[in-house]
Amino acid sequence: MDRATAPELATVSHFVDGKRFAGTSARHGDVFDPATGRRTGQVALASAADVAVAVEAAERAARAWRDASLARRTAVLFAFRELVNARRGRLAEVITAEHGKVLADAAGEVQRGLEVIEYACGIPSALRGGFSENVSTEVDSYSLRQPLGVVAVISPFNFPVMVPLWFVPVAVACGNAVVLKPSEKDPSAALLLAEWFVEAGLPDGVLNVVNGDAEAVDALLDHPGVKAVSFVGSTPVARYVHQRGSAAGKRVQALGGAKNHMVVLPDADLDLAADAAVNAGFGSAGERCMAISALVVVEPVGDALVARIAQRMARLRTGDGRRGCDMGPLVTAAHAEKVRSYVAAGVAAGAVPVVDGRDVEPDGDADGFWLGPTLFDRVTPDMSIYTDEIFGPVLSVVRVGSYDEAVDLVNANPYGNGTAIFTNDGGAARRYQHEVEVGMVGINVPIPVPMAYYSFGGWKSSLFGDLHAHGEDGVRFFTRGKVVTSRWLDPRHGGVNLGFPTQT
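Summarised in this report is the structure supplied together with it. (Residues numbered from 1 in each chain as written. Predicted model: local features only at pLDDT ≥ 70, side-chain atom pairs only at ≥ 80, totals over all residues. Heavy atoms only, no water.)

1. Comments concerning the sheet that holds strand β7 (residues 139-147)
Within a sheet, adjacent strands bond to each other through the backbone by hydrogen bonds, running parallel or antiparallel.
Okay, so step 1: Judged by pairing direction, the sheet is antiparallel, and its 3 strands sit side by side in the order β6-β7-β23 without closing on themselves. Every other strand in the sheet has two partners, leaving β6 (131-136) and β23 (479-487) as the edge strands with one partner each. Between one strand axis and the next, the sheet turns by 30° as a mean value, whatever way the strands run.
Okay, so step 2: Bridging between β7 and β23 involves 9 bridges; their strand directions are antiparallel. Across the sheet, the residue bridging to Asp140 is Ser486, located in β23. (Pairing = 2+ DSSP bridges. Helix = DSSP H or I, 4+ residues; strand = E, 2+ residues; numbered from the N terminus. Axes fitted to C-alpha atoms, helices over the stretch in contact; angles between N-to-C directions.)

Below, the structure is given as structure tokens:
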């Protein structure tokens, strides 16, 4: 089909002040179906002027929304929760069509996002302050938490629903207005969420969506109307966002990359460990910041565990996520080629390719962005497949001689996002959770993503900023504390006294 007869591609626009907004920029990006390699649409890329329009709409809305009662805010959140729950299948389809993850995985992403909405529905309890009577004679003191104003959320391609829902419901429940910039690779889900929020009763302008690339990010980081920024992405960009946003006087939480280790002790249930390694290593084609990419095996169980993992990998079906496959494609052709280059580098460095994903025969279109699950054994810490965050279905097995050697290896890594230990020894597990320098720890749980009422975030180069996502940290991030000291004099008191006030 030539250009003259090809159907016009749909354009994913922005969403500002309660309606779709075309913007003024002439720039557009391509949206693909990763399972077919076909271009399915285009997305408007915002200019700085477009971002300014969104921020101004949010500023207008924030002034009224901050004064909305907690009862009204929670009513909107409850209604939004019902809409998302009823339409979860639609969201999953949109995720799979633009990201490529299989439908079951997309449905799981929606469920984890729903849990944060449900947490935000309880915001009256989370925003309760404290009160102390008679801190001095007839003087009371109490604390408040108040919204910041306009906040920005910059979310990644790998979780186009869950990550925005880590932040937006909590920010809105706390009384803020939000400008959300989703990934330009899979932008459609964010627009659905914004439209459904308005349908649930959220006033126009409280949630706005601007699509874009680095130009839009910089505009959000620089705009004086944006008071705080929440970001999830790679470590280099997270560091940049934190530095530029902080320099502009903003509060910033920037969640970066990871190299997550799963330690397997000799006493572990090896079948359970093998299942966990496959699930955590290859789910969502490894495009998770909590994926297990380094499997640290304490000898002498390396051979037995590697054999079990390889057996399970042989039964995995890679293909179109709408066909009931186990693992889908990578998100773009460029990313697929990048991950392939890491596989080649691992072979060249001397790692043993137990399963080479480049040989996969996918159940899908030949033009899809395919790479099958890949397993390397005998990996050493100097190899790029160990040192780098590959963000693909590549699992590296590093063999060590002791528990202490395993802990030293994990703690020497510059990342500190998530880790897991598999063992039947409670003492070893307790020691590991105490000694390991990582923000989220799983014990016989390979992907220890906290529930919504706890907070998500890592240590070291996996987090820039002090507060983590959702839970209590999320409420603190999107509010400012205020302490009031008050005295209401009764008619018996009065007179002038120029002495320094004392507590009596």
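2. Side note on the packing of aromatic side chains
Okay, so step 1: Scanning the entire structure with this criterion turns up 9 aromatic pairs.
Okay, so step 2: Here the aromatic rings of Phe131 and Tyr142 are separated by 5.7 Å at their centres, their planes lie at 15°, and the arrangement is stacked. Here Phe131, found in strand β6, pairs with Tyr142, found in strand β7; they are 11 residues apart in sequence, far enough to count as distant.
Okay, so step 3: Note on Tyr142: relative accessible area 27%, which makes it partly exposed. (Phe/Tyr/Trp six-rings, centres within 6.5 Å; stacked < 30°, edge-to-face > 60°. Buried < 20%, exposed > 50% of the residue type's maximum accessible area, 1.4 Å probe, protein only.)

3. Topic: the pattern of salt bridges
Okay, so step 1: Within this structure, the stated rule accounts for 33 salt bridges.
Okay, so step 2: Close ionic contact of Arg27 with Glu215 constitutes a salt bridge, the shortest N to O distance being 3.0 Å. On the criterion of sequence distance, the pair formed by Arg27 in the loop between β3 (19-21) and β4 (28-33) and Glu215 in helix α8 (residues 214-222) is long-range, its members being 188 residues apart.
Okay, so step 3: Sharing partners across several salt bridges, the network here consists of Glu299, Asp303, Asp377, Arg378 and Arg399. (Salt bridge = Lys/Arg side-chain N within 4 Å of Asp/Glu carboxyl O.)

4. Some words on the nonpolar core
Okay, so step 1: Counting 71 residues, the largest nonpolar core has Phe80, Val84, Leu91 and Trp166 as the members making the most contacts within it.
Okay, so step 2: It is helix α6 (residues 162-173) that contributes the most residues to this core, 10 residues altogether.
Okay, so step 3: What Phe80 contacts, discounting residues up to four positions off in sequence, is Ile117, Leu165, Leu193, Trp196, Phe197 and Ala200.
Okay, so step 4: In terms of nonpolar packing, the next biggest core, distinct from the first, is built from 58 residues, Val298, Phe376, Ala420 and Val436 among them. (Core = buried A, V, L, I, M, F, W, Y, C linked by side-chain atoms within 4.5 Å. Contact = heavy atoms within 4.5 Å.)

5. Here we look at a nonpolar patch on the surface
Okay, so step 1: Residues Met451, Tyr453 and Tyr454 make up a contiguous nonpolar surface patch of about 360 Å² in total accessible area.
Okay, so step 2: Relative to the helices and strands, Met451 is located in the loop between β20 (440-443) and β21 (459-460). (Patch = residues over 30% accessible without salt bridge, like charges linked within 9 Å, V, L, I, M, F, W, Y side chains within 5 Å. Areas by Shrake-Rupley, 256 points an atom, 1.4 Å probe, with all protein chains shown as cover.)

6. Points about the packing of helix α14 (residues 403-412) against helix α15 (residues 426-435)
Okay, so step 1: Across the interface, α14 lies against α15 with an axial gap of 11 Å and an inter-helix angle of 25°. With respect to α15, the axis of α14 lies roughly parallel. At the point where α14 passes α15, the crossing takes the right-handed sense. Across the interface between the two elements, Tyr403, Asp404, Val407, Val410 and Asn411 from α14 touch Ala428, Arg431, Tyr432 and Glu435 from α15. (Parallel < 35°, antiparallel > 145°, perpendicular 65-115°, else oblique. Left-handed = near helix turned anticlockwise from the far one by under 90°.)

7. A closer look at the environment of Thr235
Okay, so step 1: Relative to the helices and strands, Thr235 is located in helix α9 (residues 235-247).
Okay, so step 2: The spacing of Thr235 and Ala216 is 19 residues in sequence and 19 Å in space, taken between C-alpha atoms.
Okay, so step 3: When residues no more than four places from it in sequence are discounted, the contact partners of Thr235 are Gly256, Gly257, Tyr415, Ser461 and Phe464.
Okay, so step 4: Here Ser461 takes part through its backbone oxygen, which lies 2.8 Å from a polar atom of the side chain of Thr235. (Polar contact = N/O pair within 3.5 Å; in protein donor to acceptor, adjacent residues only side chain to side chain.)

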